[in-house]
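# Working through the structure, step by step
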Amino acid sequence: MRRGFDWLVLLMAFVTLDTPSVDGQFRLPFRLRIQPPTAPPTCDQTFSNVTGLANAINTAANNTTICLNSGNYGTLTLADIARSGFVTVRSVTGNGAQMSPQVSNSDFIRFRNMVWTNVVLSGCSTNIEFVDGEFLQDAPGLLVNESAACGAQALLVDDVIFANVDMNLYEGRLSTNGSVNGLTVTNSFFGTNGYGDGVFLCGGQNITIGPGNVFDGVSQTFCDANGGAHCDAIQCYGGCDTNTTITGNRFLNGATYVMAPDGSNGLVIERNVFDECVVGYGGPVQFGNNIGSLSNLTYRHN
């Protein structure tokens, strides 16, 4: 019986289920997150403090891994690093390394299995990834801040925990501002509590939120009790721009799940589950043209 159970767990580790609704449309992909134990990372270099780390990231060969022993590495400034392929920076053990990356005009850096705080991406950086980690509780999250027009950026946040994380300059624990061009957020958790929106979008294009994110307990009540910030699961401030898609996410234990009252062009909201809404406005999803016009809206299969 025990051996049979082991085989079942192994099988489940690699199964993804798409569950159709009663109308035949496929809904949120419910992924079974059971996985076999992972082997220790293969490390090409290992550091115990921030000294020399920026240079190592700059000069490392493509597809190599820089490992960090557990500890707080403070602020890591990465500027003008023109790579042609990924270098991965990760903890040796669990999420044992903590840091605050400040990345500007840099390319092809993957941060993995770490604790991050007060992260800022700018300078039209490309192919910057945050995967399989978490943001520090009761501290600022992630800001993508672009003052000039950017080409395709291909930024990724995948399997990251934003639990009880606060806003970073703007109102989201994950915020965009300005001419961001290409951000995907998948398989991540936003909640519970935390001072700010889950995701705050203030400008940008080619942004996809989903699939696989859970927004649970992003609470206006909590924010009112801690300073009064406007706290929605996802807020389109001033409107969501071209090719913004919110797809395949689950929302629960909140008042407003998508706040888009300022007009948007090309916003797509599809295949989401809106559950257990405590209505604070007119409903869990808010559209309007308070500032700009609302055009080319797609809302389907939710």
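Residues numbered from 1 in each chain as written. Predicted model: local features only at pLDDT ≥ 70, side-chain atom pairs only at ≥ 80, totals over all residues. Heavy atoms only, no water.

### With respect to the side chain of threonine 126
Among the structural elements, threonine 126 can be located in strand β11 (residues 126-135). We classify threonine 126 as buried; its relative accessible area is 16%. Only 3.5 Å separates the side chain of threonine 126 from the side chain of asparagine 127, close enough to count as a polar contact. Not counting the four nearest positions on each side in its chain, threonine 126 is found in contact with Ser106, Asp107, Phe108, Ala152, Gln153 and Leu155. (Helix = DSSP H or I, 4+ residues; strand = E, 2+ residues; numbered from the N terminus. Buried < 20%, exposed > 50% of the residue type's maximum accessible area, 1.4 Å probe, protein only. Polar contact = N/O pair within 3.5 Å; in protein donor to acceptor, adjacent residues only side chain to side chain. Contact = heavy atoms within 4.5 Å.)

### Section: unusual backbone geometry
A cis amide bond links glycine 191 to the next residue, threonine 192, at an omega of -20°. With respect to the helices, strands and loops of the structure, threonine 192 is situated in the loop between β16 (189-191) and β17 (197-202). Cis geometry marks the peptide bond from glycine 210 to proline 211; its omega dihedral reads 5°. Considering the arrangement of structural elements, one finds proline 211 in the loop between β18 (205-209) and β19 (214-216). Positive phi, normally seen in glycine, also occurs at cysteine 124, with a value near 55°. Considering the arrangement of structural elements, one finds cysteine 124 in the loop between β10 (119-122) and β11. We note that asparagine 253 has phi near 55°; this positive angle belongs to a residue other than glycine. Its location among the elements puts asparagine 253 in the loop between β22 (250-252) and β23 (258-260).

### Examining the pairing of strand β15 (residues 181-186)
Buried residues dominate β15, accounting for five of its six residues. Bridge analysis of strand β13 (residues 155-162) against β15 gives four bridges, and the strand direction is parallel. Across the sheet, the residue bridging to leucine 155 is leucine 183, located in β15. Judged from the four bridges that link them, β15 and β18 form a sheet pairing that is parallel. Its bridge partner being in β18, asparagine 181 is matched across the sheet by glutamine 205. (Pairing = 2+ DSSP bridges.)

### Some words on the pattern of salt bridges
Following the criterion strictly, the structure yields four salt bridges and no others. Between arginine 110 and glutamate 129 there is a salt bridge; the shortest N-O distance is 2.8 Å. Residue arginine 110 is located in strand β8 (residues 107-112), and its partner glutamate 129 is located in strand β11; the two are separated by 19 residues in the primary sequence. Looking at glutamate 129, the relative accessible area reads 12%, which means it is buried. (Salt bridge = Lys/Arg side-chain N within 4 Å of Asp/Glu carboxyl O.)

### A short note on the nonpolar core
By size, the foremost hydrophobic cluster in this structure holds 55 residues, and its most contacted members are Ile57 and Phe111. Among the elements that make up this core, the one with the highest residue count is β13 (four residues). When near neighbours in sequence (up to four residues on either side) are disregarded, isoleucine 57 contacts Ile66, Leu76, Leu78, Ile81, Arg83, Val87, Val89 and Ile109. Counting five residues, the second-largest nonpolar core is a separate cluster that includes Met167, Tyr195, Cys223 and Ala229. (Core = buried A, V, L, I, M, F, W, Y, C linked by side-chain atoms within 4.5 Å.)

### Side note on the environment of leucine 78
With respect to the helices, strands and loops of the structure, leucine 78 is situated in strand β5 (residues 71-79). Assessed through its relative accessible area of 0%, leucine 78 is described here as buried.

### What about the confidence of the model for the protein chain?
Regions with low pLDDT should not have their predicted coordinates read in detail. Taken over all residues, the pLDDT of the protein chain has a mean of 84, while the share at 70 or more is 80%. Confidence drops under a pLDDT of 50 for residues 1-32, and excluding neighbours within four residues, the segment shows 39 contacts in the predicted structure. (pLDDT = per-residue confidence, 0-100.)

### Section: the packing of aromatic side chains
Per the stated rule, a full pass over the model turns up 12 aromatic pairs. Taking the centre distance of 5.5 Å and the plane angle of 35° together, the rings of phenylalanine 251 and tyrosine 257 count as tilted. The same class applies to phenylalanine 251 as to tyrosine 257, namely buried. Its end group placed over the ring of phenylalanine 86, arginine 110 keeps NZ or CZ at 4.1 Å from the ring centre. (Phe/Tyr/Trp six-rings, centres within 6.5 Å; stacked < 30°, edge-to-face > 60°. Lys NZ or Arg CZ within 6 Å of the ring centre and 35° of its normal.)

### Some thoughts on the state of the cysteines
Tallying each qualifying case throughout the model produces three disulfides. The disulfide that involves cysteine 43 links it to cysteine 67, with 2.1 Å between the sulfurs. Residues cysteine 43 and cysteine 67 share a disulfide whose torsion about the S-S bond is about -85°; that sign makes it left-handed. Here the residue cysteine 43 occupies a position in the loop between β2 (26-31) and β3 (45-47), and cysteine 67 occupies one in strand β4 (residues 64-68), the gap between them amounting to 24 residues. Disulfide pairing places cysteine 223 opposite cysteine 231 at an S-S distance of 1.8 Å. An S-S torsion of about -95° defines the bridge between cysteine 223 and cysteine 231 as left-handed. Classification of cysteine 223 as buried rests on a relative accessible area of 0%. (Disulfide = S-S within 2.5 Å.)

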